[in-house]
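# Topology and contacts: notes
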Amino acid sequence: MLEPGIIKKLDEVVVNRIAAGEIIQRPANALKELLENSLDAKSSHIQVNIKSGGLKLLQIQDNGTGIRKDDLAIVCERFTTSKLSKFEDLTEIATFGFRGEALASISHVAHLSIQTKTATERCGYKATYADGKLLAPPKPCAGNQGTIITIEDLFCTMPQRRQALKSPAEEFQKISDVLAKYAVHNPQVGFVLRKQGEQPSLKTQACSSRAENIRAIYGAAVAKELMEFSHKDDMFKFEMECQLTQVNYAAKKSTLLLFINHRLVESSALKTALDAVYATYLPRGQHPFVYMSLMMPPHNLDVNVHPTKHEVHFLYQDEIIERIKQQVEAKLLGSNTTRSFYKQLKLPGTVDLEVTQTLDKTQRIYEKDMVRTDSTEQKLEKFFKTLEKTDSGLSSSSGNETLSQEESFRVTAARKSKEVRLTSVLNMQQSVERQCQVPLRSIVKQLVYVGCVDERHALFQHETRLYMCNTHAFSEELYYQRLVYEFQNCPEVRVVPPLPLQQLLLIALDSQAAGWVPEDGDKTELADNAVAILQEMAPLMREYFALRISEQGCLESLPALLPQHVPSRAQLPIYLLRLATEVEWAEEAQCFETFCRETARYYAQLDWQDDGDMRSQHWYMEHVLFPGFKKFLLPPAHLKKHLYELTSLPTLYKVFERC
């Protein structure tokens, strides 16, 4: 018979070494922690000595404020720091270090000694540490103001980690990369990096400039193409200083120096956005050099995310990255006039250029495979005044139907102030993302609208294929997803003047769609019951979905799910009746699910009447609905049955080649 294992508390030394392995992953991590300590100590000169890639020796010397003798006893214990005293201080942290784990972690995986002197002490003191403890009382010694931290035999207690590291030369390169980035960001500090017994491999002067340090470290080819600019955004509360290369410069390796509140971090999302901007100008596989420093309020930044602190989270991350992308695009567009092109002279004995070009043409794309449209193209109608919809009795809460894209973005970002924390809604969002079909999403994202077939079908092109889709099914799913993702943050479509629920519900009961029969009871009584249900649930609908019902029982607003979309007037009474009868109000998850489904079903219905109205519906499909599909829709698998491939360019070529 198998017995369960006995749970035992790990020895403190084991716990500390496990934690140390998370924080100090390689010599470059140790150097980063020590560099930040030196910068926190207001150093103006920092010198680093390396032996065997930092594994045999890693020594950092600075002229900062030093460490008091009384603090040497606990300086290598975990969670000892001078940067904060309570958890709330994290929201206002302005220094690099704050956890007090760096020196403690190093002492658990290496032999550590500290020599330090403050301005007020008559002599310096030297102390050695192991496993976070002081081995002997600090000894007096001669020395200048500042601190010298010496790390020997890194990972001597973790042989597996040491064996897994790369060669000393590669580890030294990673150390040099970290120091170079801090040297660029801190031009007021002088940095020196050398291998023990050799000349400095990296050196910058104190009180230098950022451009001079980039030239000294990354070379003149980068420095001469640098373009400097800054940007301050009052909406998202951030400031940016940037130095990036113009379109004349390109390298096989992408270089991004990103500092947020002076902290060296990584951001794959920002890197991808910048590469996407430069992809328009640079050859394939070529990348720019970018230095970027972002400053934002400390309470908008969460620095306590990763053990090595190389990742941070911040408020409005997607919006800030989009704003940065726009600024970089604008600068590169202006710099495109400075591009240099080189012409190769024809040498004697070379193959004629025309022959070479003829050979290249054999690799051309055949006409039957050519994509003849661009999913990003724009039409003149985009800049025309939009159709007026004020006669419908429903109007956008913004009061302006012709907002520019920038203004719409600002309004959207400003109102998204409520964070969704309800588990039921988060589960609905995750369900939408899990069910999304990536190939179908790719088709929808890159589609080109062709035309409207009827009230439920439209044509669009993707690459060389022509599709017809059921717009009613697609739009119903789109509006459902918009309700799920705009939960608690929906804008409003005002109902002017407010409409009495009693009258609307009686209209609904008189319609054939309600299916009323005499056995159901008196219509007035049924309408009163429905009004009572809707008024009881009015606070919930107002808070979560921007559907407002006044105390007098009048409908005042509906949720606005797409820009310039106004829900159907004819279907409004039936929608309100179904809200009262079909929504499962008793249980939270079912309530939200059924409300979103019923609302999506209503929003997907259009009013198709006379020819003039039909023209406006055609406009709605092209300029409202299909842009919504491209931007927001995460199509699930069941939409495949509502998508029909009519033909393709290769198929048409086969047909017409026979003629």
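Since we're looking at a predicted model, the values are computed, not measured. (Residues numbered from 1 in each chain as written. Predicted model: local features only at pLDDT ≥ 70, side-chain atom pairs only at ≥ 80, totals over all residues. Heavy atoms only, no water.)

### A word on the packing of helix H15 (residues 501–510) against helix H16 (residues 523–536)
Using the following cut-off: Fitting a line to C-alpha atoms yields each axis, with helices limited to the stretch in contact; the angle taken between N-to-C directions then spans 0 to 180 degrees. A run of H or I in DSSP counts as a helix once it spans at least four residues, and a run of E counts as a strand once it spans at least two, with each numbered from the N terminus. These descriptions rest on fixed angle ranges, namely under 35 degrees for roughly parallel, over 145 for roughly antiparallel, 65 to 115 for roughly perpendicular, and the rest for oblique. We call a crossing left-handed when the near helix sits turned anticlockwise from the far one by less than a right angle, and right-handed when that turn is clockwise. Residue contacts are defined here by distance: any two heavy atoms, one from each residue, within 4.5 Å place the two residues in contact. In this classification, Asp, Glu, Lys and Arg are treated as charged, Ala, Val, Leu, Ile, Met, Phe, Trp, Tyr, Cys and Pro as nonpolar, and every other residue, Gly included, as polar.
Packing of H15 against H16 brings their axes to within 9 Å, and their N-to-C directions diverge by 130°. It follows from the interaxial angle that H15 and H16 lie oblique. Note on packing geometry: the crossing formed by H15 with H16 is right-handed. Packed against H15, whose contacting residues are Leu501, Gln502, Leu505, Leu506, Leu509 and Asp510, the element H16 presents Lys523, Thr524, Leu526, Ala527, Asp528, Ala530, Val531 and Leu534 at the interface. For the contact of H15 with H16, the residue count by class is 9 nonpolar, 2 polar and 3 charged.

### Let's talk about the confidence of the model for the protein
Going by this rule: pLDDT measures the predictor's confidence residue by residue and takes values from 0 up to 100.
Summarising the model, the protein shows a mean pLDDT of 82, and 78% of its residues fall at 70 or more. Mean pLDDT across the elements of the protein ranges from a minimum in helix H10 (residues 353–361), with 41, to a maximum in strand E1 (residues 45–51), with 96. Low confidence marks residues 380–392, where pLDDT is under 50. Its contacts with residues over four positions away, or in another chain, come to 17 contacts. For residues 396–415, every residue scores under 50 in pLDDT, and the model assigns this stretch 26 contacts once sequence neighbours within four places are set aside.

### Side note on a negative patch on the surface
What counts is decided by this rule: To count toward a patch, a residue needs a relative accessible area over 30% and no salt bridge; like charges are then connected within 9 Å, while nonpolar side chains (Val, Leu, Ile, Met, Phe, Trp, Tyr) are connected within 5 Å. For the area figures, the Shrake-Rupley method with a 1.4 Å probe applies, and any residue is considered shielded solely by the protein chains shown. The rule for a salt bridge is simple: a side-chain nitrogen of Lys or Arg has to be within 4 Å of a carboxyl oxygen of Asp or Glu. The charge count includes Lys and Arg as positive and Asp and Glu as negative, but it does not include His or the ends of the chains. The atom standing in for a charge is NZ when the residue is Lys, CZ when it is Arg, CG when it is Asp and CD when it is Glu. Throughout this description, buried means an accessible area under 20% of the type-specific maximum (1.4 Å probe, protein chains only), exposed means over 50%, and partly exposed covers the range between.
Taken together, Glu582, Glu584, Glu587 and Glu588 make up a surface patch of like negative charges. Looking at where Glu584 falls in the secondary structure, it is placed in the loop between helix H18 (572–582) and helix H19 (588–603). Residue Glu584 is classed as partly exposed on the basis of its relative accessible area, which comes to 45%.

### Considerations on the sheet that holds strand E18 (residues 448–454)
Applicable threshold: For two strands to count as paired, DSSP must find a minimum of two bridges between them.
Here we have 4 strands laid out as an open sheet, ordered E18-E19-E20-E24, and antiparallel in their pairing. Each of the sheet's edge strands pairs with one partner strand only, and the pair in question is E18 and strand E24 (643–648). Across this sheet, the average inter-strand angle for adjacent strands is 25°, counted without regard to direction. Against the sheet, helix H14 (residues 471–485) makes contact with strand E19 (457–462), strand E20 (465–470) and E24, and its axis sits at roughly 70° relative to E20, the strand it touches most.

### Considering helix H5 (residues 168–185)
Defined as follows: Expected helix span is given by 1.5 Å per residue-to-residue step, counting one fewer step than there are residues.
Between the first and last C-alpha of H5 there are 26 Å, a value that for 18 residues agrees with the 26 Å anticipated at 1.5 Å per step. Of all the residues in H5, the buried ones are Glu171, Phe172, Ile175, Ser176, Val178, Leu179, Ala180, Lys181, Tyr182, Ala183, Val184 and His185.

### Thoughts on the pairing of strand E9 (residues 200–203)
With 3 bridges connecting them, strand E8 (residues 190–195) and E9 associate as antiparallel partners. Paired with Leu193 across the bridge in E9 is Leu202. Where E8 folds back onto E9 in an antiparallel hairpin, the turn is made up of 4 residues, including Gly197, whose phi is positive at roughly 80°.

### A few points about the layout of surface pockets
Note the following rule: Method remark: on a 1 Å grid restricted to protein atoms, a set of points is classed as a cavity if a 1.4 Å probe fits but cannot get out and as a pocket if it is open with protein on both sides within 12 Å along at least five of seven lines; lining residues have an atom within 4 Å of a point. Grid points are joined across faces, edges and corners, and a volume is the space filled by probe spheres set on the points.
By volume, the second largest pocket amounts to about 1200 Å³. Lining the second largest pocket are 44 residues, with Asp177, Val178, Lys181, Leu256 and Glu266 positioned closest to its centre. When residues of the lining of the second largest pocket are traced back to their parent elements, those giving at least two are helix H2 (27–40), H5, E9, helix H6 (210–218), strand E12 (255–260), helix H8 (268–278) and strand E16 (313–314). By residue number, the principal contributor to the lining of the second largest pocket is H5, which donates 7 residues.

### Points about the packing of aromatic side chains
Heads up, the rule is: In this analysis, rings of Phe, Tyr and Trp, with Trp reduced to its six-membered ring, are considered paired at centre separations within 6.5 Å, and the interplanar angle assigns stacked below 30 degrees, edge-to-face beyond 60, and tilted for intermediate values.
Per the stated rule, a full pass over the model turns up 19 aromatic pairs. Ring centres of Phe487 and Phe592 lie 5.0 Å apart, and the angle between their planes is 70°; this geometry places the pair in the edge-to-face category. Taken as a pair, Phe487 in the loop between H14 and strand E21 (492–500) and Phe592 in helix H19 lie far apart in primary sequence, 105 residues in all. Put simply, the rings of Tyr449, Phe460, Tyr467, Phe474, Phe626 and Phe629 pair up and form one aromatic cluster.

### Some points on unusual backbone geometry
With an omega dihedral of -5°, the bond running from Val496 to Pro497 counts as a cis peptide bond. By the element assignment, Pro497 lies in strand E21. At Phe155, a residue that is not glycine, the phi angle is positive and equals roughly 65°. Relative to the elements of secondary structure, Phe155 occurs in the loop between strand E7 (146–152) and helix H4 (159–164). Given the relative accessible area of 1%, Phe155 is considered buried. Phi at Gln564 takes a positive value of approximately 70°, unusual for a residue other than glycine. Its place among the elements puts Gln564 in the loop between strand E23 (554–559) and H18. For Gln564, a relative accessible area of 23% corresponds to the partly exposed category.

### A short note on helix H3 (residues 102–109)
For H3, the buried fraction is high: 8 of the 8 residues fall into the buried class. Turning to H3, its buried residues number three or more, namely Ala102, Leu103, Ala104, Ser105, Ile106, Ser107, His108 and Val109.

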